[in-house]
Amino acid sequence: MPVLTFMNTCFFDNGVLERLPKVLGRSGASKPFIITDPGIKAVGILDRVLEALQAEPAGIFSDTVANPTEDQVIEVTDLYKQAGADSIIALGGGSSMDLSKAVGLLASHGGPLEKYAAMSDGSKHIKKLPPVIAIPTTAGTGSEVSVGMIVTMNNGRKETFASPNLIPPIAICDPELTLGLPKMMTAATGMDAVTHCIEAVLVPSSNPPAEGIGYDGLTRAIRDGWLRRAVADGSDLEARWNMMMASYEGALAFVKGLGSVHALSHAAGRLHEKKLHHGTLNAIFLPHLLRFNDGAADKKYERLRFAMGLAEGADLADAIERLNDEIGIPQTLKEIGLEASDGPGIVENALADLAHAGNAREATQADYEKIYETALG
Ligand SMILES: [Fe+2]
């Protein structure tokens, strides 16, 4: 079993969930509080974790909402404190991970949460958190190793928080937990991982190790065909293993930052009533940004072509559109419920997003307006 110590220590293999008690002991945690969502509870994964734990947790919260809110962070922080817990088991996709990190932050640092937001230079206030043991059940967000979290604040803003102290010190990546993921979720979360790898590589700052990991994640997901295979046959454990690795690698790569695909996806994701999936948004925006950035990073485009198994000079954007089509991702924003009238708000928020600054080519308001109009279809 590979034990990877990179930005955190990750126990990565099929069936590794069984090692949970040993892993907890290693982190010094004895009273874990489990944070998960209703879907994970419904499919029996929470029960599997409780069985593996071999002891009563200090508490369980299983009502995480998609895209956690400040109110929920405050509510769960109170529960965590009342339970006398000393650590958090973050079980689920990106939302459960983000909520867990936010609860760990608020419980140990005190409020208001806004004080720690990255855009207002709050990262410097984020010190050590109680141990968060991350157990992902999707393969895409890479939250189990990422420095960031996103919370929708009570003032309506979707704030990004970023600090090395937000990286869960321990991750348990058991690909068997993703075997039950429906086709559409496999495709959408997989495209989130793909987008992380591509955008991280394209961020202009220099970080060759992170780029190397990004290329490897992309090779795994696309050139080696594991994303297509995981979508085609959800019970293909080898495909699940490789996609969970690609997801982990995508987040390792984005220590470099992300770009305009994420700036636009974060902005569109604020429209809560539309219930838009982050990975699907990325998949739809990605080809348009690949066209926009073409010419700004020629050498990287060459290596990206190789990692995607494309011929010399092939069009990256066209290849992503073909992939989207093959794995059942919609091609336009209209198909997922966005409208022309949503454009101005999305453009405004994309310009204010942390990821905006990492794009390979600087995007102006007019550029975003055009990209949105084209992506709308
Ligand atoms: Fe993402």
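Worth saying up front: this structure is predicted, and the values here are computed from it rather than measured. (Residues numbered from 1 in each chain as written. Predicted model: local features only at pLDDT ≥ 70, side-chain atom pairs only at ≥ 80, totals over all residues. Heavy atoms only, no water.)

Trainee: Help me out: how do you make sense of the pattern of salt bridges in this one?
Mentor: Two side chains carrying opposite charge are able to pair once their charged atoms lie near each other. One pass over the structure, following the stated rule, counts 12 salt bridges. For the salt bridge of Lys274 with Glu339, the shortest nitrogen-to-oxygen distance reads 3.5 Å. With a gap of 65 residues between them, Lys274 in the loop between helix 10 (260-269) and helix 11 (278-293) and Glu339 in the loop between helix 13 (316-326) and helix 14 (343-351) connect regions that are remote in the sequence. You can call Lys274 partly exposed: its relative accessible area is 21%. On the basis of relative accessible area, Glu339 is assigned to the partly exposed category, the value being 44%. A single salt-bridge network, built from bridges that share partners, covers Glu211, Lys256 and Lys300. (Salt bridge = Lys/Arg side-chain N within 4 Å of Asp/Glu carboxyl O. Helix = DSSP H or I, 4+ residues; strand = E, 2+ residues; numbered from the N terminus. Buried < 20%, exposed > 50% of the residue type's maximum accessible area, 1.4 Å probe, protein only.)

Trainee: What exactly am I supposed to notice about the domain arrangement of the protein chain here?
Mentor: When the parts of a complex come together, some accessible area is lost, and that lost area is often used as the size of the interface. Examined at the domain level, the protein chain breaks down into domain 1 (3-177) and domain 2 (181-376). Centre-to-centre, using C-alpha coordinates, domain 1 lies 24 Å away from domain 2. Facing the 31 residues of domain 1 at the interface are 26 residues of domain 2. Together domain 1 and domain 2 conceal approximately 2500 Å² of surface at their shared face, both sides included; 69% is due to carbon and sulfur atoms. The largest contributions to the domain 1 side of the interface with domain 2 come from Phe12, Ala139 and Lys158, which together make up 23% of the buried area. At the boundary of domain 1 and domain 2, one finds 0 salt bridges. Applying the counting rule to domain 1 against domain 2 returns 7 residue pairs in polar contact (both at pLDDT 80 or more). Secondary structure elements with two or more residues in the side of domain 1 that touches domain 2: strand 2 (9-12), strand 7 (148-152) and strand 8 (158-162). Of the residues that constitute the side of domain 1 that touches domain 2, the class distribution is 13 nonpolar, 12 polar and 6 charged. (Domains from an automatic or database assignment. Contact = heavy atoms within 4.5 Å. Buried area = accessible area lost by both parts, 1.4 Å probe. Polar contact = N/O pair within 3.5 Å; in protein donor to acceptor, adjacent residues only side chain to side chain. Nonpolar A, V, L, I, M, F, W, Y, C, P; charged D, E, K, R; others polar.)

Trainee: When you look at the nonpolar core in this model, what are you seeing that I'm missing?
Mentor: Nonpolar side chains in soluble globular proteins generally cluster together in the buried interior. Counting 75 residues, the largest nonpolar core has Met191, Val194, Ile198 and Leu333 as its most contacted members. Counting residues per element, this core draws most heavily on helix 9 (residues 237-253), which supplies 10 residues. Taken together, domain 1 (3-177) and domain 2 (181-376) each give at least three residues to this core, which thus spans both. Apart from the residues lying within four places of it in its own chain, the contact partners of Val194 are Leu218, Ala221, Ile222, Leu227, Leu286 and Ile320. In this structure, Tyr80, Leu99, Ile126 and Met153 belong to the second largest nonpolar core, which totals 27 residues. (Core = buried A, V, L, I, M, F, W, Y, C linked by side-chain atoms within 4.5 Å.)

Trainee: Looking at this model, I keep getting lost on the packing of aromatic side chains. Mind explaining?
Mentor: Each aromatic ring pair is described using two quantities: the centre-to-centre distance and the angle formed by the ring planes. Throughout the structure, instances matching the rule amount to 3 aromatic pairs. Consider the rings of Phe12 and Tyr248, whose centres lie 6.4 Å apart with planes at 65 degrees: the pair is edge-to-face. Separated by 236 residues along the polypeptide, Phe12 in strand 2 and Tyr248 in helix 9 bring together distant segments of the chain. Taken individually, Phe12 and Tyr248 each receive the classification buried, so the pair is uniform in this respect. (Phe/Tyr/Trp six-rings, centres within 6.5 Å; stacked < 30°, edge-to-face > 60°.)

Trainee: Honestly, helix 14 in this entry has me stumped. Any pointers?
Mentor: The periodicity of an α-helix, 3.6 residues per turn, causes residues three or four positions apart to be oriented the same way. Considered for burial, the residues of helix 14 that qualify are Gly343, Ile346, Val347 and Ala350. The buried residues of helix 14 occupy an angular sector of 100 degrees when the element is viewed end-on, so they sit on one face. For helix 14, the exposed residues lying more than 90 degrees away from the buried face are Pro344 and Glu348. The inward-facing, buried residues of helix 14 abut helix 10 and helix 15 (365-376). (Arc of directions from axis to C-beta.)

Trainee: Even after reading the chapter, I still don't get the coordination of the iron ion, so can you show me in this structure?
Mentor: Geometry reference: four tetrahedral donors at a metal, ideal angle 109.5 degrees. Six octahedral donors, ideal angles 90 or 180 degrees. Protein coordination at the iron ion comes from Asp192 (OD), His196 (NE2), His262 (NE2) and His278 (NE2), with a distance range of 2.1 to 2.3 Å. All donors to the iron ion come from one chain, and their sequence spacing reads D-x3-H-x65-H-x15-H. Remark: His262 occurs in helix 10 and His196 occurs in helix 6 (residues 183-202); sequence separation between them is 66 residues. With relative accessibility at 3%, the residue His196 sits in the buried group. (Donors = N, O, S within 2.8 Å, 3.2 Å for Na, K, Ca; no water.)

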